[in-house]
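# Geometric and topological summary
Okay, here's what each chain looks like letter by letter:
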Amino acid sequence: TWHLKKIPQIVRERTFSLDSPKFEAKTKLELNSVCGIECQRKLPVPSLSDLKNLLSYETVFENGTRTLTEVDVLGAVLEPAANTSTRRPLRKKRQIYGTDSRFSIYDKRFMTNFPFNTAVKISTGCSGILVSPKHVLTAAHCLHNGKDYVKGSKRLRVGLMKTKSRGNGRKRKGTSDGVPSFQWTRVKSTHIPKGWFKGVSGDVALDYDYAVLELKRPHKRKYMELGISPTIKMMPGSMIHFSGFDNDRSGQLVYRFCSISDESNDLFYQYCDAEPGSTGSGIYLRLKEPNKKKWKRKIIAVYSGHQWVDINGGQQDYNVAVRITPLKYAQICFWIHGNDENCTQG
C-alpha cells in the first residue's frame, strides 16, 4: 500500500544570477565508479546546513542564462534509514546480466497508452518520464557532468513517442501497426540540485543524479505521479519496473522489471538489464491506494546507470537508481508547482 507521509518543506530564500554556462562538456551515459554501498553506509547524516546547500539548485533557461536559488529546509527528519544487505558473488558482466530479460514494445496500443506513453527521449541521448503536463524527470548527468553543462543541453529537446503509419496510411503486409517516432518539444528551463555539483571523495555525488525539465509547451498525455520510495521490505516481491530508449535497440521503447538487490538511504542497487540510453528513466511501482481497492503506479526512483562499486574490498557492478526520498520528493514537487503548498503529503 502507498503510505501517506508528511513531507519536509523546501522554501525559496533568494535567487542569484550566474554567468552563462559554457556548454562544452561531453555527454557520458555511463559514470565512473562512485562511493559504493559500504561507503554510502559510512557517510555521516547530513546536517540541516548541509541539506540547505545540497538542495539549493541551478536553473538554466532556454536563452542560456543561469540562476542559483538558495533554499531553506523545514521539518526534515535527520535520521539514517535502515539498510538491508544481500551478499552476492562478484560479477564481471556489465549491464546485461546473463539472459537479456528486456522487452521491446512494438504494439502501438501499448506504446501510446499509459504507463508506456509516459517515457520520453532526451535529445542528449538519455530517457526521461513525464511527471506533470509540462515537466520531465531525468538524470542530472544527462545534462551536466559535475563541472559544466553538456554540449547538447543548450538547445535541449524532449521527444514524446508517437506512431506513424508506413506509406500512405495503408498497412503493408507483414508490417507492424506502426513504427515509433518522436514529436520533439523544446525545453524552457532545467533544474539541477546543487548536490550534483558536490562530489563524494572527489567524484560526482550520485545521490543527487536527478533533474527536472520544464517544457516550452504542455503536452496532453497522462503522466506518472511521484511517490516516496519505500524500503525493499515494503515492495511486492521487491520488484521495480521502468521503460526507456536503450541505445542497442534504436527507435524502440524497451521495458524491463527486476527485483532490487540492495539499498542505501539514497540509492537502489539492482540487476535490471539496461544499456546506455535508458539512463534517466523513471522507475515505478504499482501499489494499492490507502483504504481503496484501486492500484496505482508511481515513480519512486530515477535510473542512473551502470556502476562499479566497492564491496568487501573488491569491485562489484550494479545498475543503480536514485531513490525519491521525502526530501527529494519535496524538491521535485516544488520545481513542478513553484511552491510548497501542493507538496505537504506524498
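Quick caveat, the model's predicted, so the values are computed rather than measured. (Residues numbered from 1 in each chain as written. Predicted model: local features only at pLDDT ≥ 70, side-chain atom pairs only at ≥ 80, totals over all residues. Heavy atoms only, no water.)

Here we come to the confidence of the model for the chain. Looking at the chain, the pLDDT average stands at 81 and 81% of residues meet or exceed 70. Long-range and interchain partners of residues 81-93, a stretch whose pLDDT sits below 50, account for 31 contacts in this model, where long-range means more than four residues apart. For residues 171-176, every residue scores under 50 in pLDDT, and the model assigns this stretch four contacts once sequence neighbours within four places are set aside. (pLDDT = per-residue confidence, 0-100. Contact = heavy atoms within 4.5 Å.)

Okay, helix H4 (residues 326-337) next. Compared with an ideal rise of 1.5 Å per residue, which puts twelve residues at 16 Å, H4 spans 16 Å between its outermost C-alpha atoms and is within 8% of the ideal. For H4, the buried fraction is high: ten of the twelve residues fall into the buried class. Along H4, the residues classified as buried are Leu327, Lys328, Tyr329, Ala330, Gln331, Ile332, Cys333, Phe334, Trp335 and Ile336. Following H4 by one or two positions, Gly338 has its phi on the positive side, about 80 degrees. (Helix = DSSP H or I, 4+ residues; strand = E, 2+ residues; numbered from the N terminus. Expected span 1.5 Å × (residues − 1). Buried < 20%, exposed > 50% of the residue type's maximum accessible area, 1.4 Å probe, protein only.)

So, on to the environment of Leu206. Considering the arrangement of structural elements, one finds Leu206 in the loop between strand S9 (179-193) and strand S10 (211-215). Classification of Leu206 by relative accessible area gives buried; the value is 3%.

Across all of its chains, the model carries twelve aromatic pairs by this definition. Relative to Phe334, the ring of Tyr57 lies with its centre 6.5 Å away and its plane at 65 degrees, an arrangement referred to as edge-to-face. With Tyr57 in strand S2 (residues 57-61) and Phe334 in helix H4, the pair connects residues that are 277 residues apart, well separated along the chain. The same class applies to Tyr57 as to Phe334, namely buried. When the centroid spacing of 5.5 Å and the interplanar angle of 75 degrees are considered together, the rings of Tyr57 and Trp335 count as edge-to-face. With Tyr57 in strand S2 and Trp335 in helix H4, this residue pair connects regions lying 278 residues apart in the sequence. Across the ring face of Phe114, the terminal group of Lys222 is positioned such that the distance to the ring centre comes to 4.3 Å. (Phe/Tyr/Trp six-rings, centres within 6.5 Å; stacked < 30°, edge-to-face > 60°. Lys NZ or Arg CZ within 6 Å of the ring centre and 35° of its normal.)

Right, let's talk about the pairing of strand S13 (residues 253-263) for a bit. Burial analysis of S13 places nine of its eleven residues in the buried class, the great majority of the element. Summarising the sheet, strand S4 (residues 103-105) and S13 pair through three bridges and their orientation is antiparallel. Its bridge partner being in S13, Ser104 is matched across the sheet by Val254. Looking at chain direction, strand S12 (residues 239-244) and S13 are connected through six bridges and run antiparallel. (Pairing = 2+ DSSP bridges.)

Another point: the pattern of salt bridges. Enumeration over the complete set of coordinates arrives at eleven salt bridges. Among the salt bridges present, the one from Asp266 reaches Lys328, with a minimum N-O distance of 2.7 Å. Taken together, the residues Asp266 in the loop between S13 and strand S14 (267-270) and Lys328 in helix H4 connect sequence positions 62 residues apart. Of the two residues, Asp266 and Lys328, both sit in the buried class. (Salt bridge = Lys/Arg side-chain N within 4 Å of Asp/Glu carboxyl O.)

The next point concerns the side chain of Asp207. Counting through the fold element by element, Asp207 comes out in the loop between S9 and S10. It is Lys328 that comes nearest to the buried, bridge-free Asp207 among opposite-charge side chains, at 5.6 Å. Not counting chain neighbours up to four residues away, the residues in contact with Asp207 comprise Gln40, Asp266, Leu267, Val322 and Lys328. (Lys, Arg positive; Asp, Glu negative; His and termini not counted.)

This part is about the environment of Tyr329. Tracing the chain through its elements places Tyr329 in helix H4. Considered as a pair, Tyr329 and Gln345 are 16 residues apart in the sequence and their alpha carbons are 9.5 Å apart.

Counting buried positions along S10 gives five out of five residues, so the element sits mostly inside the fold. Side chains Ala211, Leu213 and Leu215 of S10 all project onto a buried face; the interleaved residues Val212 and Glu214 project onto the opposite face, where all are buried too. In this structure, strand S7 (residues 135-138) lies alongside S10, joined through four bridges in antiparallel fashion. Among the inter-strand pairings, Val136 is bridged to a residue of S10, identified as Leu213.

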